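Examining the three-dimensional arrangement
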Amino acid sequence: IDFGIYRVQKLGERLPDLHSPVRRHVYMVIFSGPKGMLHHIDNREFQLPPYSVLFIGPDRISRFDETLTEDTYVLLFSSSFFSRSNRDMHFLQNSPLFNDHSQLYYMTLQDEGVIYAKMTVYLLFQARNGIQAQLNKDLAHNTIEQILIMGSLNAQQTSHANYKEDLDNYLVVQYRSLIA
């Protein structure tokens with residue numbers, strides 16, 4: 001999947017392993033509705049508050065709960081879709097929204113933010129439905145860029161840092177020490 005926006009109830013058509021803990025190799029932004037939603041990241045449960053936006057990078061283990069909450073939307077995009085320039089690629093590779101594995105980044109929306117998020121989801125659906133046209137690709141890219149800027153400015157974080165000595169964490173630590 002290079003780009004898509006889906007109601008969570010329809011996401012199983014695109015991600016058959018929806019309820020399995022896997023690395024999805026795409027960037028994921030989840031918009032929760034009035035009931036919030038439950039999601040599992042790195043084998044830990046996270047209750048996303050109502051009207052919130054959660055950011056999950058491609059290197060995180062993710063699993064959707066069996067209870068697919070209504071009015072939840074999931075944006076999926078690849079780095080190749082978003083990265084039109086070196087600046088875009090640098091942002092994706094360095095943004096804590098997607099790369100800080102000790103934290104979960106989300107933002108809870110206030111009244112104006114809820115209206116903005118609904119319009120954003122609408123624009124993403126418009127772009128997806130006509131994605132063959134370059135203008136719709138531009139619309140999708142620019143809308144995703146706005147979401148990521150707003151997330152960078154307003155995201156809250158919750159510690160997910162209960163370090164567990166396992167092969168995944170060992171390899172990440174060793175890799176980061178090599179490139180530092």
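Now for a quick tour of the structure. (Residues numbered from 1 in each chain as written. Predicted model: local features only at pLDDT ≥ 70, side-chain atom pairs only at ≥ 80, totals over all residues. Heavy atoms only, no water.)

Attention now moves to the overall build of the chain. A count of helices and strands for the chain gives six helices and ten strands. Scaling as 2.2 N^0.38, a compact globule of 180 residues should have a C-alpha radius of gyration of about 16 Å, and the chain matches this with 16 Å. Its C-alpha atoms give the chain principal-axis dimensions of roughly 45 × 40 × 30 Å. Put simply, the chain shows about 10000 Å² of open surface, and 52% of that area lies on carbon and sulfur atoms. Here the chain contributes 16 positive and 19 negative side-chain charges, whose respective centroids are spaced 3 Å apart. (Helix = DSSP H or I, 4+ residues; strand = E, 2+ residues; numbered from the N terminus. Rg over C-alpha atoms; globule rule 2.2 N^0.38 Å. Areas by Shrake-Rupley, 256 points an atom, 1.4 Å probe, with all protein chains shown as cover. Lys, Arg positive; Asp, Glu negative; His and termini not counted. Charge placed at Lys NZ, Arg CZ, Asp CG, Glu CD.)

For the rest of this paragraph, the subject is the pattern of salt bridges. Using the criterion set out here, one finds four salt bridges in the structure. Residue Arg 60 pairs with Asp 42 through a salt bridge whose shortest N-O separation is 2.6 Å. Of this pair, Arg 60 sits in the loop between strand S6 (52-56) and strand S7 (61-64) while Asp 42 sits in the loop between strand S4 (37-41) and strand S5 (44-48); the two residues are 18 residues apart in sequence, bridging distant segments of the chain. The class for Arg 60 is buried, based on a relative accessible area of 4%. Since its relative accessible area comes to 24%, Asp 42 is described here as partly exposed. Arg 84 is paired through a salt bridge with Asp 138; the nearest N and O atoms lie 2.8 Å apart. Of this pair, Arg 84 sits in the loop between helix H1 (79-82) and helix H2 (86-94) while Asp 138 sits in helix H5 (residues 134-154), and the two are 54 residues apart along the sequence. With relative accessibility at 42%, the residue Arg 84 sits in the partly exposed group. (Salt bridge = Lys/Arg side-chain N within 4 Å of Asp/Glu carboxyl O. Buried < 20%, exposed > 50% of the residue type's maximum accessible area, 1.4 Å probe, protein only.)

So, on to the sheet that holds S5. Strands sit in the order S2-S7-S4-S5 across an open sheet of four strands; the sheet is antiparallel. Every other strand in the sheet has two partners, leaving strand S2 (22-23) and S5 as the edge strands with one partner each. Relative to S7, S4 runs antiparallel, the two being bridged by three bridges. The partner of His 39 across the bridge, within S7, is Phe 64. (Pairing = 2+ DSSP bridges.)

Aromatic ring pairs are described here by two measures, namely the spacing of the ring centres and the angle between the planes. In the structure shown here, the tally under the stated rule is eight aromatic pairs. Look at Phe 55 and Phe 98: their rings are 6.1 Å apart centre to centre, the planes differ by 80 degrees, and that puts the pair in the edge-to-face class. Taken as a pair, Phe 55 in strand S6 and Phe 98 in helix H3 (residues 96-99) lie far apart in primary sequence, 43 residues in all. Take Phe 55: its relative accessible area is 2%, and that puts it in the buried class. Residue Phe 98 is classed as buried on the basis of its relative accessible area of 1%. Seen from their ring centres, Phe 77 and Phe 98 are 6.3 Å apart, and the 80 degrees between their planes marks the pair as edge-to-face. Here Phe 77 is found in strand S8 (residues 73-77), whereas its partner Phe 98 is found in helix H3, with 21 residues between them in sequence. (Phe/Tyr/Trp six-rings, centres within 6.5 Å; stacked < 30°, edge-to-face > 60°.)

A few words now on a nonpolar patch on the surface. The grouping of Tyr 116, Ile 149, Met 150 and Leu 153 at the surface amounts to a nonpolar patch, some 380 Å² of accessible area in total. The element best represented in the nonpolar patch is H5, accounting for three residues. With respect to the helices and strands, the residue Ile 149 is situated in helix H5. (Patch = residues over 30% accessible without salt bridge, like charges linked within 9 Å, V, L, I, M, F, W, Y side chains within 5 Å.)

Unlike most non-glycine residues, His 25 shows phi in positive territory, near 60 degrees. Topologically, His 25 is positioned in the loop between S2 and strand S3 (27-31). You will see that Asp 42, though not glycine, has its phi angle at about 50 degrees, which is positive.

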